[in-house]
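Structural overview
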Amino acid sequence: MDTTHSFRMDEPVGETRLDQGVQNVIGKGVDRFEGPLKVSGRAPYAYEHLHGRNVAFGFLVLSTIGAGKVKSIDTMRAQSTAGVLTVVVDKRGPRAAADPSDPAPTPAGGEVTHYGQPLCLVVAESFEVARDAAKLVDVEYETEDGRYDPIALQDEAYDPGPGTIPSVTKKGDFDAAFAEAEVKLDETYTTPSQSHSAMEPHAAVASWDDGKLTLYGCYQLVSTNVGQLAKALGISKSKIRILAPYIGGGFGGKLGIGPEAVFASIAAMETGRPVKIALTRQQVYQTTSRRSDTIQRVRLGATRDGRITAIGHDTITSNTPGDEFFEPAGISTMFLYGGENRLITHRKTDVNILLSSSMRAPGEAVGMLALENAMDEMAEKLGLDPIEFRKRNEPEVDPQEGLPFSSRKLVECMDVGAERFGWNTRNAVPGSRREGEWLIGIGMATASRKNLLQQSSARVTLSPEGHASVETNMTDIGTGTYTILQQITAEMLGLPLEHVTVKLGDSDDPDAPGSGGSWGANSAGSSVYVACEGVVEAIAKKLGVKVDDLTLKDGTAIAGNRRTGLAEILAGEAITVTGTFKPGKAFKETHQASYGAHFCEVAVNAYTGETRVRRLLTVGAAGRILNEKTARSQCYGGQIFGIGTALTEELVVDKRTGLMVNHDLAEYHVPVNADVPQLDVVLLEERDHAASPLAGKGIGELAISGVGAAVTNAIYNACGVRVRDYPMTLDKVLKGLPRQSVAQAAE
Ligand code: MOS
């Protein structure tokens with residue numbers, strides 16, 4: 001039996017089989033079943049596929065100027081190197097469409113728009129030969145003056161028009177209200193470009209068989225990526241199959257099809273052999289994409305008793321010319337705090353720097369650095385505790401559109417966190433706690449991340465033996481998708497976990513929206529839920545009972561006082577249901593977001609300005625938690641990301657050429673073990689019945705949002721230095737350290 005089952009969510013979904021929890025697996029901290037495969041090297045990543053087949057290896061040649069034109073590419077010396085098969089020159093200059101909002105690889109027509117732009121591919125019998133010959137490709141350029149300094153160019157920023165959010169949102173009369181406000185804050189914060197720095201460098205393996213292309217890649221959105229690749233190659237989607245079963249981290253850096261996929265596909269066609277390309281670590285930094293740098297001006301106006309009357313957030317970000325994406329840094333400011341008069345704007349500067357695109361919590365991750373820092377500064381101006389200030393501005397409904405919140409536990413997150421962390425021990429006077437040469441401070445900030453739900457499909461098959469298999473082109477980028485889809489299926493169909501298998505990342509399977517924007521678990525999970533509902537209906541029908549009277553547990557069906565094994569009910573015939581979930585009115589008519597609160601304790605060295613994070617607590621509320629362990633791990637990841645954002649991470653652009661100076665993990669400083677204390681995460685019980693049939697909301701990007709501000713607010717509390725230029729490297733802190741704190745520490 002093979003049917004389809006579709007559900008558009010126009011109303012909240014009440015209690016479901018997941019709430020009954022008869023099988024008792026949903027929400028449990030189940031280990032990721034692919035974990036042992038990964039740590040023992042049996043989970044193949046993109047580059048490892050087709051090993052042993054007559055594979056050729058490609059190495060990309062990248063531009064060594066940041067702006068201008070390619071006059072000529074002479075491949076003679078490279079071509080004549082022993083072992084070189086061909087050099088693929090793509091005149092269109094394919095580049096990464098690194099964001100779903102970006103239409104596809106853009107033909108650049110011989111123009112160089114940034115340093116590290118892929119120009120051609122040397123294909124050889126071995127990786128080493130290809131890499132060596134790549135150095136023999138002679139490129140002649142016509143160099144032009146580039147635009148490499150977003151800060152210097154900020155006056156040229158323009159309104160880019162609507163992106164993932166409108167570029168401008170207004171309510172009331174901001175200017176008048178701000179002018180009249182009793183207490184005002186007007187500060188500007190800057191954040192640098194960042195690199196996703198996923199563990200697995202981007203890689204692609206292409207192979208043509210009978211006019212059909214198979215591409216093994218590490219892309220987050222295979223259903224979208226097939227279309228992007230088809231467009232880049234000028235062929236039909238039906239001729240392409242992308243496989244991405246295991247992905248070594250993405251963080252947004254693998255949302256779009258990359259140049260390695262396009263070049264590998266062309267090279268495989270030209271050579272008639274499978275072609276492998278892996279970017280070197282340096283190439284990943286230089287040629288994939290980055291998080292936008294930002295200049296953010298936050299203006300807050302409030303009454304003397306701390307009610308916000310005017311809230312303004314103006315952001316300038318940069319991107320390559322012609323690219324539409326802008327970092328929606330004002331997104332949280334749109335809904336986090338009340339205030340009648342609001343103005344949130346985004347402008348963009350064209351620069352000749354690597355494409356900027358989505359990186360974990362695009363918008364919130366950097367926008368909340370500015371907003372939550374400003375809230376801390378304003379609380380001090382008002383003489384209010386930062387938590388009390390936020391509570392006084394807790395809105396009843398979404399303050400911009402007036403929509404009801406589907407669920408919102410922001411205040412509870414702050415209260416639970418304050419209690420657990422010992423917030424009441426905080427002395428609001430900076431520099432008042434000292435341990436030898438260390439100045440100790442604590443700070444807090446909130447977290448929020450919009451809930452983004454997408455249409456999704458999945459196929460669930462219940463075999464005659466009563467085992468279930470799930471197939472969808474959803475991906476797992478290390479987040480635990482395999483396991484949560486297994487848990488949802490097991491709970492819905494009453495099966496032991498080990499009787500459920502999940503297959504992901506094959507573009508030939510039903511379309512899911514992939515891993516991005518924290519929508520993955522909810523969207524793909526909901527389609528699995530819908531498919532399972534179809535399977536349950538089919539079982540009920542076979543038994544001649546109502547769905548509501550049917551209990552499924554341990555591979556048996558219980559109805560009335562009869563218990564029947566699934567194998568007996570199925571009588572040799574499998575049940576296959578393809579489920580499609582569509583967000584409907586329930587999504588449109590409520591404002592949906594996940595919330596949290598971060599609490600941080602730091603020690604700042606009074607002599608060197610070095611900051612050590614001592615304690616970090618995040619309390620989050622994101623609807624139903626599908627797997628306590630994987631959800632918690634997502635929060636740990638976000639917290640660590642936030643420590644890096646606050647203290648160390650920064651892509652340094654050479655202002656003469658657009659070169660990323662610190663293009664490897666030795667020089668681009670992500671936090672390492674020694675930088676990270678024992679992390680604490682609390683996830684509150686919550687069900688959001690308007691958000692999805694699972695009653696869950698996004699969590700993958702929640703914990704990074706705001707955490708950097710908790711760190712820098714703690715630094716301020718420790719030593720009185722308010723650096724508004726992220727990251728807070730020790731030189732910046734040291735410059736602001738009051739002399740007496742050094743003297744005191746020396747006593
Ligand atoms: Mo996410 S930055 O949409 O992978």
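Residues numbered from 1 in each chain as written. Predicted model: local features only at pLDDT ≥ 70, side-chain atom pairs only at ≥ 80, totals over all residues. Heavy atoms only, no water.

A short note on the domain arrangement of the protein
- The domain architecture assigned to the protein consists of domain 1 (2–30 + 453–588) and domain 2 (405–451 + 592–746).
- Each of domain 1 and domain 2 has a C-alpha centre, and the two are 37 Å apart.
- Facing 31 residues of domain 1, the contacting portion of domain 2 comprises 24 residues.
- Across the interface of domain 1 and domain 2, roughly 2100 Å² is buried in total on both sides, 53% from carbon and sulfur atoms.
- Of all residues in domain 1, Thr479, Ser518 and Asn522 give up the largest surface area on contact with domain 2, accounting jointly for 24% of the area buried on that side.
- There are 2 salt bridges connecting domain 1 and domain 2.
- Between Arg624 and Asp19 there is a salt bridge whose closest N-O contact spans 2.9 Å.
- Inspection of the domain 1/domain 2 interface yields 10 residue pairs in polar contact (both at pLDDT 80 or more).
- Taken together, the elements giving at least two residues each to the side of domain 1 that touches domain 2 come down to strand 1 (2–9), helix 1 (17–20), helix 12 (481–493), helix 13 (520–543) and helix 15 (585–588).
- When residues in the side of domain 1 that touches domain 2 are grouped by element, the largest group, 5 residues, is from helix 13.
- Its residues placed into classes, the side of domain 1 that touches domain 2 shows 15 nonpolar, 14 polar and 2 charged. (Domains from an automatic or database assignment. Contact = heavy atoms within 4.5 Å. Buried area = accessible area lost by both parts, 1.4 Å probe. Salt bridge = Lys/Arg side-chain N within 4 Å of Asp/Glu carboxyl O. Polar contact = N/O pair within 3.5 Å; in protein donor to acceptor, adjacent residues only side chain to side chain. Helix = DSSP H or I, 4+ residues; strand = E, 2+ residues; numbered from the N terminus. Nonpolar A, V, L, I, M, F, W, Y, C, P; charged D, E, K, R; others polar.)

Side note on the sheet that holds strand 26 (residues 562–565)
- One open sheet holds the 3 strands; their spatial order is 24-25-26, and the pairing between them is antiparallel. Looking at strand neighbours, the two that pair on one side only are strand 24 (550–553) and strand 26, the edges of this open sheet. Averaged over all neighbouring strand pairs, the angle between strand axes comes to 25°, with direction disregarded.
- Two strands pair when backbone bridges link them, and strand 25 (residues 556–559) and strand 26 are joined in this way by 4 bridges, in the antiparallel orientation. When the sheet's bridge partners are listed, Ala559 is paired in strand 26 with Arg562.
- Packed on one face of the sheet, helix 13 meets strand 24, strand 25 and strand 26 and runs near 115° to strand 24. (Pairing = 2+ DSSP bridges. Axes fitted to C-alpha atoms, helices over the stretch in contact; angles between N-to-C directions.)

Re the nonpolar core
- Ranked by internal contacts, the top residues of the largest apolar core, which has 52 residues, are Leu462, Ile488, Leu493 and Ile539.
- Among the elements that line this core, the one with the most residues is helix 13, at 11 residues.
- Apart from the residues lying within four places of it in its own chain, the contact partners of Leu462 are His467, Ala468, Leu493, Leu495, Val535, Ile539, Leu566, Leu570, Ala574 and Ile575. (Core = buried A, V, L, I, M, F, W, Y, C linked by side-chain atoms within 4.5 Å. Buried < 20%, exposed > 50% of the residue type's maximum accessible area, 1.4 Å probe, protein only.)

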